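If you want the building blocks of each chain, they are given just below.
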Amino acid sequence: MSPWVLRGLRDGVVTTRWPARPDAYADGWRGPAVIRDPRPAGAAELASVCPTGAIGTRADGALRLDQGRCILCGRCVDRRPDVFGWSSGAAAGALTESGLVVPEMPETDGSVAAIRAALAARTAALRRSVHLRHVDAGSDGAEEQEIMALLNPVYDIHRLGFFFTASPRHSDVLLVTGAGAHGMAEPLRRTYAGMPDPKIVIAVGTDAASGGLLGGSKGGAGPEQASDGRAAAPDGGRPGTSSAGAMSQGGSYATSGGVGSVLPVDVWVPGSPPPPFSILHGLLLGLGRMPRGQQPAEARR
Amino acid sequence: MNPATGPAAGIGTAVGTTAATAPALWDLVTGEVARGRRFAGLMATQREDRLLLSVHLADRRGITTFETFLPLGAASYPALTPVLGAAFWYEREIHDLFGIIPDGHPRLEPLILPLLGDDAPRPRPGAAGRAAAAIWPDEHSVPRHVMGSGLFTIPHGPVRSGVMESIEYLVETPGEEIPHLNMRVFYKHRGIEKRFEQLTAADGVLLAERTEGVASVAHALAYCHAVEQIAGVQVPWRGALVRVLHAELERLAAHLDVAVRLADAAGLAVATARFGLHKERVLRLVSRLCGSRFGRGVVVPGGVSRLPLVAASEFLAEVGRMESSISGDTRALMGTASFLDRLRRTGPLRPERAREHGALGPVGKASGFSDDARRVRPYDAYPALGLGDAHEHDGGDALARLRLRWEEVGQSFHLLRQAADELAEAGDSPLRASCEVRAGRAVGWAEAPQGEILYDLRVEDGCITRCRPRSASFHNLVLFHEVFAGDILTDFPFIEASFGLSVAGVAL
């Protein structure tokens, strides 16, 4: 007899029941950085601590942090543990780019509700059998590993009706990884165009959300940011070079600073790379299938 | 235990002879290779208005760099590839990045950048400032090399079936066999080398960790070894042990991933699930140690940032459980005849080709050529830890590569136990040494799961002015040209998985 029959029974059921039941690994996950104290002493110098320019200040002087740029390097937490900390739990994704900025901006509440309603209306037809297509647009290879992990018996996303498909024609969800390499822009657009409506796009990882360390298209943590612009202008850190024009151009000669400039993104999942639970959360968030007890990122903060 | 850390005495990098011209440099290099040194890489650097060509040669003493400046305004130079085939992709890469033509190169097609015009602006790593202009690919050039009636090209990628990194394989076939294969990796070129040039030496490690995700720790190690050589810093004993822990856990995860892909290709559902479970357990253990499933943020210039967050006894118990359940499933897998039939004589790499090319990591070792940096040019805590017997096979096929990986898995468990034991007894010595660098240049190396990684790093005024990561994936992927003889289309996923490479490390 094949040894595999018995070997398959060896460890019993290892599959998580998340999101229907809590999962210790998902809840204990250390997510992107958060701000504990938005008005510390010496706030002005703190922006330069972040190598991706995720930290900035609002017009009123309060600190803000864009988790869509956070690569979880911990520079800010190491430097000022009184001001910065880690978010807990794998539910890091958001439906808008600004939804990744902490602390939450009160005025975005209404618009997030509107976006959520529009997305729910659009994806009403996508229920219990949802097909996924992945495209790598310049990742470091780690995000692919975490997406593949969704198929292992611990996450087993087949139990939730998710299946990977080879053809864009059969897919409902496009998972995009990577900083938006120029070489992948056209293949990515064609893949998206080949998908039938309704469809949703999920930017998986900080690189996909903002370009991460490869240089972003966004001007730091929002329009009023006071970061030194080093990451937003990818040449700014080099002495003797001019950063003029870099802010408007974004990205680098080879990348677009995230996939948001190539495709309309519906769900933003930060992380470097995001763990499988965060990717799964992003999927369920986009389909409006997160149970009520497990609030999405915007409401949690 | 003697806390001898860092490269053992007498091992390091040295700039060897500087040759007057490129042909003189090639004579020097081919002579050294004939005397037994291994060709480990070729790169170019823009130094103001001249181009510097650097060859890296490896032996027991470390990595030696031989260099020459090209004449001012040179548009070409005599190619190295005709006399040293291993330089094939390296010269194509230099052509892509700098636009200079290696005269006599057998096939100068675009590799890591798309086809560009002769006077198009090039990224030119080493030149001050950012790359001149955005580069967008022209998708309409398709190379063809095999001519004959009934032959056609199957473009496979860049968007491929399954969750894969973007690469395009152009399979030239009469229908079933694969007489020739072309690879185009430029789709996911990310401009990593230029990006390094905007970072300080301390921040560079963050980008090194994100250069090739499946070898995050090994890239960070190779980068930090270069920084530490410039600074003349020795990593404290405890820091060196923590580095070994993470490097070996990364090797476990990568080798288990190869097993998952091979089992999946063979349609063994239970085996796929089992090895997927084992890999998940390894990644979870890594995340419990440091907060990241890929060991990011641990390795920093001068040592490590923190101790493992798991007590030694608990760690050892978990490692023991993993080892026994992995070895049981491995025995079952290596006794499954239908699986072994798919690997045997699939994708063979001839030993003489492996030696000629200096094939790295498991790909080289499975073809009888081994130059494991942990053993030959040991670093961190490896000189003081026992690596056990050297593993070599000469089968050269996908099966030999898998067998070799299982032996490395056993070796990694052995190293993990030793390092954890030593760490428990190491007392309260520091984890990192202060590591400030102002200026200098060095080559750092580390043995990734895929093979040796090199970082040629130049720092001026505290900032990186040139950083060239050379991954094992880049050096080994070109061997795909060699291994399809007699194989058919359905062997493709086995051969690709058995190489275990990452495209991110190729198309920096």
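Residues numbered from 1 in each chain as written. Chains lettered and ligands numbered in written order. Predicted model: local features only at pLDDT ≥ 70, side-chain atom pairs only at ≥ 80, totals over all residues.

**Q** Explain the overall build of chain B to me, using residue names and the numbers behind them.
**A** Looking only at helices and strands, chain B has 15 helices and 14 strands in total. Relative to the compact-globule value of 23 Å for 508 residues, chain B shows a C-alpha radius of gyration of 22 Å, a close match. Seen along its three principal axes, the alpha-carbon backbone of chain B occupies a region of about 60 × 55 × 40 Å. Counting over 508 residues, chain B shows a buried share of 58%. (Helix = DSSP H or I, 4+ residues; strand = E, 2+ residues; numbered from the N terminus. Rg over C-alpha atoms; globule rule 2.2 N^0.38 Å. Buried ≥ 20, exposed ≤ 12 C-beta atoms within 10 Å, placed from the backbone.)

**Q** Requested: an account of the environment of Thr65(B), with residues and values cited.
**A** Tracing the backbone through its elements, the reader meets Thr65(B) in strand 4 (residues 62-69). A sequence separation of 232 residues divides Thr65(B) from Gly297(B), and the C-alpha atoms of the two residues are 30 Å apart.

**Q** Please give an account of helix 6 (residues 142-149) of chain A that cites residues and values.
**A** For helix 6 of chain A, a buried count of eight out of eight residues is recorded, marking the element as mostly surrounded by other parts of the structure. Buried residues of helix 6 of chain A: Ala142(A), Glu143(A), Glu144(A), Gln145(A), Glu146(A), Ile147(A), Met148(A) and Ala149(A), and no others.

**Q** Just give me the short version of the environment of Asp456(B), but keep the residues and values in it.
**A** Residues and elements named next belong to chain B. In this fold, aspartate 456 is placed in strand 13 (residues 451-460). Separated by 233 residues in the primary sequence, aspartate 456 and tyrosine 223 place their C-alpha atoms 8.2 Å from one another. Those residues in contact with aspartate 456, other than ones at most four positions away along the chain, are Met43, Ser54, His56, Val443 and Arg468. (Contact = placed C-beta atoms within 7 Å.)

**Q** Hey, could you go over the sheet that holds strand 9 (residues 180-184) of chain B for me, with residue numbers and the actual values?
**A** Residue and element names in this part refer to chain B. Taken in spatial order, the three strands of this open sheet run 7-8-9, and their pairing is antiparallel. Because the sheet does not close on itself, it has two edges, and the strands there are strand 7 (152-156) and strand 9. Mean inter-strand twist for the sheet, computed between neighbouring axes without regard to direction, equals 20°. As judged from the five bridges shared by strand 7 and strand 8 (residues 168-173), these two strands associate in the antiparallel manner. (Pairing = 2+ DSSP bridges. Axes fitted to C-alpha atoms, helices over the stretch in contact; angles between N-to-C directions.)

**Q** Before we move on, can you summarise the domain arrangement of chain B with the specific residues and values?
**A** Often the size quoted for an interface is simply the accessible area lost on bringing the parts together. Residue and element names in this part refer to chain B. Annotation of chain B at the domain level lists domain 1 (6-131) and domain 2 (200-498). In this structure, domain 1 and domain 2 have C-alpha centres spaced 26 Å apart. If you look at the interface, domain 1 gives 25 residues, while domain 2 gives 24 residues. Taken together, the elements giving at least two residues each to the side of domain 1 that touches domain 2 come down to strand 1 (12-18), strand 2 (38-47), strand 3 (50-59), strand 4 and helix 2 (88-98). With six residues, strand 2 is the largest single contributor of residues to the side of domain 1 that touches domain 2. Residues that form the side of domain 1 that touches domain 2 fall into these classes: 12 nonpolar, 11 polar and two charged. (Domains from an automatic or database assignment. Nonpolar A, V, L, I, M, F, W, Y, C, P; charged D, E, K, R; others polar.)

**Q** An account of unusual backbone geometry is needed here, citing residue identities and associated values.
**A** Following Asp197(A), the chain continues to Pro198(A) via a peptide bond in cis, the omega torsion being -5°. Put simply, Ser272(A) and Pro273(A) share a cis peptide bond, and its omega is -10°. Mapped onto the elements, Pro273(A) comes out in the loop between strand 10 (267-269) and helix 10 (276-286). Despite not being glycine, Asp380(B) has its phi angle at roughly 50°, a positive value. Summarising the element assignment, Asp380(B) is placed in the loop between helix 12 (373-376) and helix 13 (398-425).

**Q** How would you explain helix 1 (residues 22-34) of chain B if you had to name every residue and give the values?
**A** All names here are of chain B. The end-to-end C-alpha separation of helix 1 is 18 Å, in line with the 18 Å expected for 13 residues at 1.5 Å each. For helix 1, the set of buried residues is Ala22, Leu25, Trp26 and Val29. When helix 1 is viewed along its axis, its buried side chains cluster within an angular range of 100° and face the same direction. Seen from the open side of helix 1, the exposed residues pointing more than 90 degrees away from its buried face are Gly31 and Ala34. As for helix 1, its buried residues are in contact with strand 3, strand 4 and strand 5 (76-78). (Expected span 1.5 Å × (residues − 1). Arc of directions from axis to C-beta.)

**Q** Account for the nonpolar core, naming residues and giving values.
**A** Taken as a class, soluble globular proteins show a tendency for nonpolar side chains to be buried jointly. Membership of the largest hydrophobic core comes to 236 residues, with the highest contact counts inside it found for Val176(A), Ile202(A), Ala203(A), Ala222(B), Tyr223(B), Val244(B) and Ala419(B). Per-element tally for this core: the top contributor is helix 6 (residues 237-265) of chain B, with 18 residues. Both domain 1 (6-131) and domain 2 (200-498) of chain B contribute no fewer than three residues apiece to this core. Beyond its immediate stretch of four places on either side in the chain, Val244(B) contacts Asp380(B), Ala381(B), Tyr382(B), Leu385(B), Leu415(B) and Ala419(B). (Core = buried A, V, L, I, M, F, W, Y, C linked by C-beta atoms within 7 Å.)

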